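# Commentary on secondary and tertiary structure
Now for the letters of each chain:
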Amino acid sequence: MTTATLTKWGTSAGIVIPKALRRDLGLAVGDKLEIQREGDKIVLTPREQDWTLSSLMKGYDGPPPETIDTGEPMGREIW
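Throughout what follows, the structure given in this document is the object of discussion. Quick caveat: nothing in here was measured; it's all calculated off a predicted structure.

## Some remarks on the overall build of the protein chain
A tally of regular secondary structure across the protein chain gives two helices and four strands. Secondary structure of the protein chain in N-to-C order comes out as β-β-α-β-β-α. Over its C-alpha atoms the protein chain spans a radius of gyration of 21 Å, topping by over 25% the 12 Å that the globule rule assigns to 79 residues. Taking the principal axes of the C-alpha coordinates as reference, the protein chain spans close to 65 × 30 × 25 Å. Look at the contacts in the protein chain between residues 6 or more apart in sequence, and 3% of them connect residues 24 or more apart.

## Regarding the pairing of strand E4 (residues 41-46)
Strand direction decides the pairing type here: strand E3 (residues 33-38) and E4, joined by six bridges, are antiparallel. Residue Glu-34 lies in a different strand from E4, and its bridge partner there is Thr-45.

## Points about a nonpolar patch on the surface
A cluster of nonpolar side chains, namely Leu-6, Ile-15, Leu-33, Ile-35, Ile-42 and Leu-44, defines an oily patch on the protein surface of about 610 Å² accessible area. Taken together, the elements giving at least two residues each to the nonpolar patch come down to E3 and E4. Given a relative accessible area of 62%, Leu-6 falls into the exposed group.

## Some remarks on the environment of Gly-10
Within the element layout of this structure, Gly-10 appears in the loop between strand E1 (7-9) and strand E2 (12-14). C-alpha of Gly-10 to C-alpha of Asp-50: the two residues are 40 residues apart in sequence and 28 Å apart in space.

Here is what the cut-offs are and how they apply
Residues numbered from 1 in each chain as written. Predicted model: local features only at pLDDT ≥ 70, side-chain atom pairs only at ≥ 80, totals over all residues. Heavy atoms only, no water. Helix = DSSP H or I, 4+ residues; strand = E, 2+ residues; numbered from the N terminus. Rg over C-alpha atoms; globule rule 2.2 N^0.38 Å. Contact = heavy atoms within 4.5 Å. Pairing = 2+ DSSP bridges. Patch = residues over 30% accessible without salt bridge, like charges linked within 9 Å, V, L, I, M, F, W, Y side chains within 5 Å. Areas by Shrake-Rupley, 256 points an atom, 1.4 Å probe, with all protein chains shown as cover. Salt bridge = Lys/Arg side-chain N within 4 Å of Asp/Glu carboxyl O. Buried < 20%, exposed > 50% of the residue type's maximum accessible area, 1.4 Å probe, protein only.

Right, dumping it as structure tokens:
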């Protein structure tokens, strides 16, 4: 069993999840976790990434991407 210490982070509190446990669970820094209370337990569950175009572009207010001309095929590419 691994233990962690609750530490103050600004006005909140947090724990550090050890690298080995993150690796075993397939988690990476920046992944979203759902936090639930089940009785006297705190349960963290990885949240599925929302990989839709609209979710990836949410908040983007820059210019639309340009079309890039890659030229004619030079090998056996299938266009």
